[in-house]
Amino acid sequence: MTTEAPSATAQDTFPRQYARTLRYTVGQPRSFAVAPDGARVVFLRSTGQDRANLLWTLDPATGAETVAADPAQLLGGGEEDLSPAERARRERSREGSAGIVGYALDGAATLAAFALSGRLFTADLVAGAARELPAAGPLLDPRPSPDGRWIAYPTTAGALRLIAADGSADRALAEPEAAGVTWGQAEFIAQEEMDRDRGYWWSPRSDALLVARADDAPVQRWWIADPASPATVPTEVAYPAAGTPNAEVTLWLVTLDGTRTEVVWDRAAYPYLGRVHWSAGGVPLLLVQARDQRSQLLLTVDPATGATGELLAERDAAWLELFPGAPAWTPDGRLVRISDEPGHRALLVDQVELTDDTLHLRAVLAVGAGEVLCTASAGEGAEDQTPGLQGLYAVPLDGSGPRLLRRGAALDAVRGGEVTVLSSSALDRPGRRAEVLRGGESLLTVTSYAQTPVLTTRPQFRLAGERRIPAAVVLPTGYDRERDGLLPVLMDPYGGPHAAMVVQAHNAFLSSQWFADQGFAVVVADGRGTPGRSPAWEKAIAFDFAGVTLDDQVEALQALAEEFPLDLGRVAIRGWSYGGYLSALAVLRRPDVFHAAVAGAPVTEWRLYDTHYTERYLGHPDERPEVYEANSLTGDAARLERPLMIVHGLADDNVVAAHTLRLSSALLAAGRPHTVLPLSGVTHMTPQEQVAENLLLLQVDFLKEKLGLKPTP
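On a predicted model such as this, the values are computed, not experimentally measured, just so you know. (Residues numbered from 1 in each chain as written. Predicted model: local features only at pLDDT ≥ 70, side-chain atom pairs only at ≥ 80, totals over all residues. Heavy atoms only, no water.)

J.: When you look at the overall build of the chain in this model, what are you seeing that I'm missing?
T.: When you go through the chain residue by residue, the secondary structure sums to 13 helices and 43 strands. When its C-alpha atoms are laid out on the principal axes, the chain stretches across 70 × 60 × 55 Å. Per-residue burial over the chain gives 58% buried out of 713 residues. Intrachain contacts of the chain at a sequence separation of at least 6 include 60% that bridge at least 24 residues. Only carbon and sulfur atoms are counted for the fraction: they give 49% of the accessible area of the chain, which is about 27,300 Å². Of note, the chain has its 64 positive side-chain charges centred 2 Å away from the centre of its 90 negative side-chain charges. (Helix = DSSP H or I, 4+ residues; strand = E, 2+ residues; numbered from the N terminus. Buried < 20%, exposed > 50% of the residue type's maximum accessible area, 1.4 Å probe, protein only. Contact = heavy atoms within 4.5 Å. Areas by Shrake-Rupley, 256 points an atom, 1.4 Å probe, with all protein chains shown as cover. Lys, Arg positive; Asp, Glu negative; His and termini not counted. Charge placed at Lys NZ, Arg CZ, Asp CG, Glu CD.)

What follows is the structure in structure tokens.
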């Protein structure tokens, strides 16, 4: 198949191109896997003409790329028909693309399984043939057994079923006993907050599965209506808000004949099923957490009886983080984990610390017989504290010390045999590059059909203030200080847990550059609470979102004004989600610093946000009501004296529109003028092209007006 990336049209503006290309991700290769022998690479990529991903294979020896499955052909050219359950899964994973958005492989990476329109398809990755299997649907998340003989799949009705790879012998392994029960699916909290998007795991011998059973009957019900379509029945959502019951999650050993044995642990003390690992290197391994997330257990499971044994107990005064790829077993049965116990975030194997305080571990990517592949950023003990960079490291199990393989931004890698696929971003090139390596040497680069941005970003990185806050400053293209003087400032943060904005990646600053080119000096700062620095840095926000994160934005701004042409008399702030919370917080509590704000999808009342996230940082609302009061916004409504625009998708089931409506009602009651922009049919994402494009234009016009700038022509 021959294709090329579409080029920008003469009429393309940045907002239009940015929206149409899903932030320049359309056509970018993603979701890589490598066969255990390194013989083939598997990945997803659209042709760049639309959002629909195809399944591809690549031969590392020749560089040949082959289409293994084309959704347009498999669906006969028809439109995708997504079930509500599949739409919810995509919302949880912030998936805006179409076509094949996920797949699973057998142990040899010769068979792929995936869902399209709730139907089951497989692809023979050696022969290059794809076909549909006659499975009961609608379904989601199908996964082949390691030996490739079977495919398990959950249905949207809550059952977990099994079908032979040849399409015969389709049968139920477990079926829901009541409404609200699902087998083999991750519950809302696991998907949204635990980075666990699956609910079942095959045994290495392909003779059994570990299956999560979730019962959301205890969870309170919310109703999300579409006010623009009053005849439409509101959507029922089981939403576990802070302080309210979660879904009840149990784990079962299920054999291929449907025999079920419950895996038993103290679920009253440790209700959260955080991680499940079952590899050839050892018996099943579970990580279960207490509701307050300040204690957790690592448990082994006896596959014959379901009995668990305590391997390790961990505690932390603030909270215990969940990490990608860990805990896990090495092939010879040693325990690999990431821990803050040494006082820094380290890689441990059987309690032996293999990294020191010069590294801050981010994720385990692959565990081999001789080494662990992982990503890390600079720790507090490192001499080079350049913000926004990560390293890909090979950490030998013999304790000889980590070896740096690559340095860059947003690093990710997968490995099979001697072949590694490394994805990375950089400042000097747009998009992400996927390299195929053998033994550390680059063999080739996977073709990308992502469109080239019409903008070039020029961020300048600093460690700002006494706290050395990672920050970036973006000035207008062609700015001349002598000619142009001081610039109005736009703070452009996220500022909260789990997301760093200051990364040395070209595309990360495209929207900031566009705002800068409208006449602003844009400042992006990652204060305390953001990831990648140290455990103490991340956990400084415990029980105090508002004070800590806002203080660091102010400190970064004032420190950077000593070097850059920032007009501190004209400062605006914009953000989405936590960034929206931070933006509204800024004009409410620091009007002496911030003169206008755009708050997108902000959390305004933390009692309305979910259990696992909110209680991790602020505690239980019944135990710490004063913390919730101090960190919420509606009580500050009477303090508003600066222009504030609040933007919210009315179909948002993550940060529900009630957050904005309650703040708006409190502002109205206090007689404080403000602007509310409701987005009909929009969720927490904004994948709709016209909405995403015009949202940028409306924001810049609002901010220019409020800061006294000329409107955008």
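J.: Just to check I follow, could you spell out the side chain of Ser145 for this structure?
T.: Checked against the element boundaries, Ser145 lands in the loop between β10 (143-144) and β11 (150-154). Only 3.3 Å separates the side chain of Ser145 from the backbone nitrogen of Arg149, close enough to count as a polar contact. Excluding residues that lie within four positions of it along the chain, Ser145 makes contacts with Asp106, Gly107, Trp150, Trp202 and Ser206. (Polar contact = N/O pair within 3.5 Å; in protein donor to acceptor, adjacent residues only side chain to side chain.)

J.: Could you clarify how one ought to interpret the sheet that holds strand β41 (residues 596-600) in this entry?
T.: Pairing between sheet strands relies on hydrogen bonds along the backbone, with the strands arranged either parallel or antiparallel. The strand order across the open sheet built from 8 strands is β36-β37-β39-β38-β40-β41-β42-β43, with neighbouring strands paired in mixed fashion. In the strand order of this sheet, the two ends are held by β36 (460-464) and β43 (675-679), each with one partner. Across this sheet, the average inter-strand angle for adjacent strands is 20°, counted without regard to direction. Two strands pair when backbone bridges link them, and strand β40 (residues 566-576) and β41 are joined in this way by 5 bridges, in the parallel orientation. Across the sheet, residue Trp576 finds its bridge partner in β41, namely Gly600. Across the sheet, helix α6 (residues 510-517) is in contact with β37 (469-474), β38 (487-491), β39 (521-525) and β40; its angle to β39 comes to roughly 150°. (Pairing = 2+ DSSP bridges. Axes fitted to C-alpha atoms, helices over the stretch in contact; angles between N-to-C directions.)

J.: How should the environment of Ala174 be read in this particular structure?
T.: Within the secondary structure layout, Ala174 lies in strand β13 (residues 171-174). Taking the C-alpha atoms as reference, Ala174 lies 9.3 Å from Arg213; in sequence the two are 39 residues apart. Leave out the neighbours within four places in its chain, and Ala174 touches Ala159, Leu160, Trp183 and Arg260.

J.: Looking at this structure, how should I read the pattern of salt bridges?
T.: Side chains that differ in sign of charge can pair as their charged atoms come close. One pass over the structure, following the stated rule, counts 44 salt bridges. Glu538 is the partner of Arg345 in a salt bridge, and the nearest nitrogen-oxygen pair spans 3.0 Å. Here the residue Arg345 occupies a position in the loop between β26 (335-339) and β27 (346-349), and Glu538 occupies one in helix α7 (residues 535-539), the gap between them amounting to 193 residues. The exposure class of Glu538 is buried, given its relative accessible area of 7%. In the salt-bridge network here, residues are joined through shared partners; they are Asp316, Asp340, Arg345, Glu538 and Lys539. (Salt bridge = Lys/Arg side-chain N within 4 Å of Asp/Glu carboxyl O.)

J.: When you look at the sheet that holds strand β7 (residues 111-116) in this model, what are you seeing that I'm missing?
T.: If you walk across this open sheet you meet the 4 strands as β6-β7-β8-β9, and the pairing is antiparallel. This sheet does not close on itself; its edge strands, each paired only once, are β6 (104-105) and β9 (129-133). As paired elements, β7 and strand β8 (residues 119-124) share 6 bridges and run antiparallel to each other. Of the residues in β8, the one forming a bridge with Leu116 is Arg119.

J.: I'm lost on the packing of aromatic side chains in this one. Help?
T.: Two aromatic rings are characterised by how far apart their centres lie and by the angle between their planes. Under the counting rule described, the total for this entry stands at 26 aromatic pairs. Aromatic side chains Tyr18 and Tyr24 sit 6.1 Å apart centroid to centroid with 55° between the ring planes, which places their arrangement in the tilted category. Pairing Trp514 with Phe515 gives two aromatic rings, centres 5.1 Å apart and planes at 75°, and the pair type is edge-to-face. These aromatic residues form a ring-pair network of at least three members: Trp319, Tyr494, Phe545, Tyr578, Tyr581, Trp606, Tyr609, Tyr613 and Tyr617. In this structure, Arg607 is placed above the aromatic ring of Tyr628, and the distance from its NZ or CZ to the ring centre is 5.7 Å. (Phe/Tyr/Trp six-rings, centres within 6.5 Å; stacked < 30°, edge-to-face > 60°. Lys NZ or Arg CZ within 6 Å of the ring centre and 35° of its normal.)

J.: Where do I start with helix α9 (residues 578-589) in this structure?
T.: Three or four residues apart is the spacing at which side chains of an α-helix point the same way, because the helix has 3.6 residues per turn. Between the first and last C-alpha of α9 there are 16 Å, a value that for 12 residues agrees with the 16 Å anticipated at 1.5 Å per step. Taking burial as the measure, the 12 residues of α9 include 11 buried ones, the bulk of the element. Among the residues of α9, Tyr578, Gly579, Gly580, Tyr581, Leu582, Ser583, Ala584, Leu585, Ala586, Val587 and Leu588 are the ones counted as buried. (Expected span 1.5 Å × (residues − 1).)

J.: Help me understand the pairing of β37, please; the structure alone is not making it clear to me.
T.: Remember that side chains alternate between the two faces of the sheet whenever the strand is regular. Taking burial as the measure, the 6 residues of β37 include 6 buried ones, the bulk of the element. Here β37 shows two buried faces, one formed by Ile469, Ala471 and Val473 and the other by Pro470, Ala472 and Val474. Between β36 and β37, which pair antiparallel one after the other, the connecting turn spans 4 residues, and Gly465 there sits at a positive phi close to 75°. Sheet analysis places β37 next to β39, joined by 4 bridges and oriented antiparallel. Following the sheet pairing, Val474 is matched in β39 by Val522.

J.: Quick question: what am I supposed to make of helix α12 (residues 658-669) here?
T.: An ideal rise of 1.5 Å per residue puts 16 Å on 12 residues; α12 measures up with 16 Å between its terminal C-alpha atoms. Here α12 has its buried residues at His659, Thr660, Leu663, Ser664 and Leu667. The buried residues of α12 occupy an angular sector of 120° when the element is viewed end-on, so they sit on one face. Looking at α12, the residues exposed on the side facing more than 90 degrees away from the buried face are Leu661, Leu668 and Ala669. Tucked into the core, α12 has its buried residues touching β42 (644-649) and β43. Directly after α12, the chain includes Gly671, whose backbone phi takes a positive value near 75°. (Arc of directions from axis to C-beta.)

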